[in-house]
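Given next are the chains, with one letter for each unit.
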Amino acid sequence: MNTVSTIVGSNQPRCYNSQLKPFYHGKQQRYTSPFDGQCKRLIVQSVNPNLENSWGEQEVHTKMPSSTYLAAWLSKIMVNPSGEIAIWVLVWLAYIISLFIPSREPVFDHYYKPYLMRFIGQLWAARSPREYSLRSRTGEDDRLVRRITHALYPRSLIVFDATTGIWTAVSDEAVVKRKPYVAVTYCYDDMTPSGTGMDVLVQWVRDATLHQGFDAYWLDLECLLEDPTQKAQDLYRMSDIYRRASFTLIILSDETAWGAWGSRVWTLPEALLSRELRYKAGNNEVTHINLFQIASLAYSHHDEESQIINSFGLGKDSLERLDRNLHLKEAIWRRKSSSPQIVNKEGNSQERYRAEKVYALMGFFEHRILPDAEETELQALARLFMANDTDRIADRMVSMLPRGRRAMKQWYTKEDEYGAKLWDIEPIVQVIGVTCNGSLVLDGCRAAAIRWKSFPSVAFATRRSIRRLLALTVPFLALTLVVASSLALIIGTWLKNNWIYYQDILNGSIPDLLTTGGGILLAISLTLMIFAPLMTTYGHSGRVVHARPWLIGVKGVISAKQASEYLYGGQIGDFRRTLYTASGSPLARPTEDDSKFREGHTSQYEAALTAPPYDPIEGHMFTLVDTVSSTIYYFRAHRPPTVCLFTGTEGGQGRFVLCSGMCSSSELRRETVLRMPSYISAYMHTCDWVALGGQTSGSI
């Protein structure tokens, strides 16, 4: 079921399918049927059903043939006798009857059930210029953006005319390109509460500029234009302004204002990108200062930002580009805007860009984006990452499991719960756009639907065995013998009663032979019928060498043995048909020193079983069973994930994102990320565009 955002009213559709047909339904959690692509209410099998959730819950059950399921239960009682004799007899009779009822045999299939959803909404921003996006309504001129990219000079400067003694704004391109100037950085929160005021700030800047032998400066109060389009272009070239300046002048109200200045969003890139730094505190003289001195005075997270300082200050301890950009991003996000609004020299206020931090960060990237006052941080960051796709930052983040639960609702991830670094992940998807909600639109995903309603009847094969094949025929042979022996008894008894009519043509021993032989045969067949459940169970025992691909979910915790019984029925023997994962989920535990094999430890089941079934922050406890790798996983999520996306690889395992569907927007919400064997992706169908991981607020 593929949907697009819509206002839901009494007569408004809740969602649309891929043919844009409207559908009307309630607010319960939905899923896309892998059979017909229809939007249906989600029914979840649960260890302890709860009727208060937004999805329907029912007891855990299986769709395997009744004879197999009943035989497993009967065999368990026969092997471990209890006082349930009367119940056993009733179940045994039901088992005998089920042998006569034809059941639909499960069929093999090479693939998991497909995910038939696709994102059909409009893109907010697109990677390809050939794709329409909602941002194109603003009339962004790519040719103008390219020209600004290589301009490397301010739009305007404040220049001193020595003949008149007047400072004037100069925007003549020929003059600005060749004019040496001073770039000014300050903190609004420092200058305003101190009583210094903007007029005093401007006067300090002008005096310092002339005192240092220059006659031009750039100050945002006087040089940033108020027109939204022009201001966006000024922000676009901000990094070039500080790179090209002869030096950057830091203005402080006094020597104690370093902390306020260092906590401002823009001061970090302004300092790091400058070729030389000087500062002026109050009426003091202009003083030279280096980046290390500034870091010790102004940066409260100096220890966390030391690698950045060393890289820019000395050119040593160089960071890889991907690592450097992530360090810079976190450093900027630790800082705050100096005020909720931008105030110019005349005191007119202008709304601050919501994605201001992204625009401060983009100066460190090779390619920048034109600021947009309407976009959120998530949208702007996605555009920035798409414009600088060499590192594929967004593509990699999709596969990460956030440490913080809040970050699960969005695609941006700071730290991976599994301890992997961003460069450890090799993405197999491409981000091709971003939605209005800040979700990433992905292409190239392999996907599979997760079944929650019940355990299906799974087609599987075990190692070939003549004994097991013969065991499977015993119940039906016993039924045949019961019928044959009963007929022999009936015929023998009838002949005895009517022997006077047939004594001339039949041997006298035939009636006795029929009744005696029929009785013996009936006793043998009834004995076989009593032990038939054991034969059926033994016939389905053995190591599973191949099973139809299924991903099956359960709300709550079941053991690997229980999962095997729901999938394949009982068995006689100690074959482990379903294994615990060694490293596939945050709850996984390896065997470590107590085994020479790589496998999951049974203690993870005990830990999951004793853990609270619901945590307000982490969500409900769920179980996922994969029949291809024969592995069971335990994880927490707030909603049952109905889709499994293969998005990348890491450390010898695949990264599989489990998502729930947002019916009204045709987007997916990340619930958790599992590390599963990469080869199971070969059993998944490729799918169309999917939108993953946005949120309305769009903040990071």
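A brief look at the structure comes next. Being a predicted model, the structure only gives us computed values, none of them experimental. (Residues numbered from 1 in each chain as written. Predicted model: local features only at pLDDT ≥ 70, side-chain atom pairs only at ≥ 80, totals over all residues. Heavy atoms only, no water.)

For the structure shown, the criterion picks out 19 aromatic pairs. Seen in terms of ring centroids, F160 and W167 are 5.1 Å apart; in terms of plane orientation they differ by 50°. Their pairing is tilted. For W167, a relative accessible area of 15% translates into the label buried. An angle of 75° between the planes, with centres 6.2 Å apart, marks the rings of F385 and W411 as edge-to-face. With a gap of 26 residues between them, F385 in helix 16 (residues 377–387) and W411 in the loop between helix 17 (393–397) and strand 17 (426–427) connect regions that are remote in the sequence. Residue F385 shares its accessibility class with W411, and that shared class is buried. Just above the ring of Y153 sits the side chain of R237; from NZ or CZ to the centre is 5.9 Å. Sitting above the plane of the F247 ring, R278 keeps its charged end 3.9 Å from the centroid. (Phe/Tyr/Trp six-rings, centres within 6.5 Å; stacked < 30°, edge-to-face > 60°. Buried < 20%, exposed > 50% of the residue type's maximum accessible area, 1.4 Å probe, protein only. Helix = DSSP H or I, 4+ residues; strand = E, 2+ residues; numbered from the N terminus. Lys NZ or Arg CZ within 6 Å of the ring centre and 35° of its normal.)

Within the secondary structure layout, T610 lies in helix 23 (residues 603–610). Note on T610: relative accessible area 66%, which makes it exposed. Each C-alpha atom, one on T610 and one on V557, is 9.5 Å from the other, the two residues being 53 residues apart in sequence. In terms of polar contacts, T610 uses its side chain to reach the backbone carbonyl oxygen of E606, at 3.0 Å. (Polar contact = N/O pair within 3.5 Å; in protein donor to acceptor, adjacent residues only side chain to side chain.)

If you trace the backbone, T62 turns up in the loop between strand 6 (56–59) and helix 1 (66–79). Within the structure, the side chain of T62 is placed 3.2 Å from the backbone nitrogen of M64, a separation counted as a polar contact. Of note is the side chain of T62, whose polar atom sits 2.8 Å from the backbone oxygen of Y566. Ignoring anything within four residues of it in the chain, the contact list for T62 reads Y69, F455, P456 and Y566. (Contact = heavy atoms within 4.5 Å.)

Time to look at a nonpolar patch on the surface. A cluster of nonpolar side chains, I85, V89, L90 and L93, forms an exposed patch at the surface whose accessible area comes to about 380 Å². Tracing the backbone through its elements, the reader meets L90 in helix 2 (residues 85–100). (Patch = residues over 30% accessible without salt bridge, like charges linked within 9 Å, V, L, I, M, F, W, Y side chains within 5 Å. Areas by Shrake-Rupley, 256 points an atom, 1.4 Å probe, with all protein chains shown as cover. Salt bridge = Lys/Arg side-chain N within 4 Å of Asp/Glu carboxyl O.)

Another aspect to go through is the packing of helix 18 (residues 466–497) against helix 21 (residues 532–539). Where helix 18 contacts helix 21, the two axes come as close as 8 Å, and the packing angle between them is 145°. The element helix 18 and its partner helix 21 pack so that their crossing is left-handed. Counting all contacts with helix 18, which are made through R467, R468, A471, L472, V474 and P475, the residues of helix 21 involved are A532, M535, T536, Y538 and G539. Here the contact of helix 18 with helix 21 is composed, by residue class, of seven nonpolar, two polar and two charged. (Axes fitted to C-alpha atoms, helices over the stretch in contact; angles between N-to-C directions. Left-handed = near helix turned anticlockwise from the far one by under 90°. Nonpolar A, V, L, I, M, F, W, Y, C, P; charged D, E, K, R; others polar.)

At a minimum axis distance of 9 Å, the contact between helix 1 and helix 2 shows a crossing angle of 150°. Here helix 1 is positioned roughly antiparallel relative to helix 2, judged by the angle of their axes. Considering the relative orientation of helix 1 and helix 2, their crossing is left-handed. From helix 1, S66, S67, L70, A71, W73, L74, I77 and M78 reach across to helix 2, where they touch I87, W88, V91, W92, A94, Y95, S98 and L99. For the contact of helix 1 with helix 2, the per-class residue count stands at 13 nonpolar, three polar and no charged. (Parallel < 35°, antiparallel > 145°, perpendicular 65-115°, else oblique.)

Right, let's talk about the environment of L224 for a bit. Note that L224 resides in the loop between helix 7 (220–223) and helix 8 (228–236). As for L224 and P154, which are separated by 70 residues in sequence, their C-alpha atoms are 9.8 Å apart.

Before going further, it helps to spend a moment on the nonpolar core. W261 and W411 are the most contacted members of the largest nonpolar core, which has 118 residues in total. By residue number, the principal contributor to this core is helix 16, which donates seven residues. In this view, W261 contacts T185, Y186, C187, I250, L252, T267, A271, I294, A298 and Y299; residues no more than four positions away in its chain are not counted. (Core = buried A, V, L, I, M, F, W, Y, C linked by side-chain atoms within 4.5 Å.)

Moving on to the sheet that holds strand 10 (residues 182–185). In spatial order, the strands read 9-8-11-10-12-13-14; together these seven strands make up an open sheet with mixed pairing. The two strands at the open ends of the sheet, each matched to only one other strand, are strand 9 (166–170) and strand 14 (287–288). When strand 10 meets strand 12 (residues 247–252), the two strands line up parallel, connected through four bridges. Each bridged residue has a counterpart across the sheet, and for V182 the counterpart in strand 12 is F247. (Pairing = 2+ DSSP bridges.)

Within strand 26 (residues 619–626), eight of the eight residues are buried, which leaves the element mostly enclosed by the surrounding structure. Alignment of strand 23 (residues 551–555) against strand 26, held across five bridges, turns out to be antiparallel. Within the sheet, the bridge partner assigned to V554 lies in strand 26 and is T623. Judged from the two bridges that link them, strand 25 (residues 614–615) and strand 26 form a sheet pairing that is antiparallel. Each bridged residue has a counterpart across the sheet, and for Y614 the counterpart in strand 26 is H620. Between strand 25 and the antiparallel strand that follows it, strand 26, lie three residues. Note that strand 26 and strand 27 (residues 631–637) share seven bridges and pair antiparallel. Following the sheet pairing, D626 is matched in strand 27 by T631. Hairpin connection from strand 26 to strand 27: four residues lie between these consecutive antiparallel strands, with S630 at a positive phi of about 55°.

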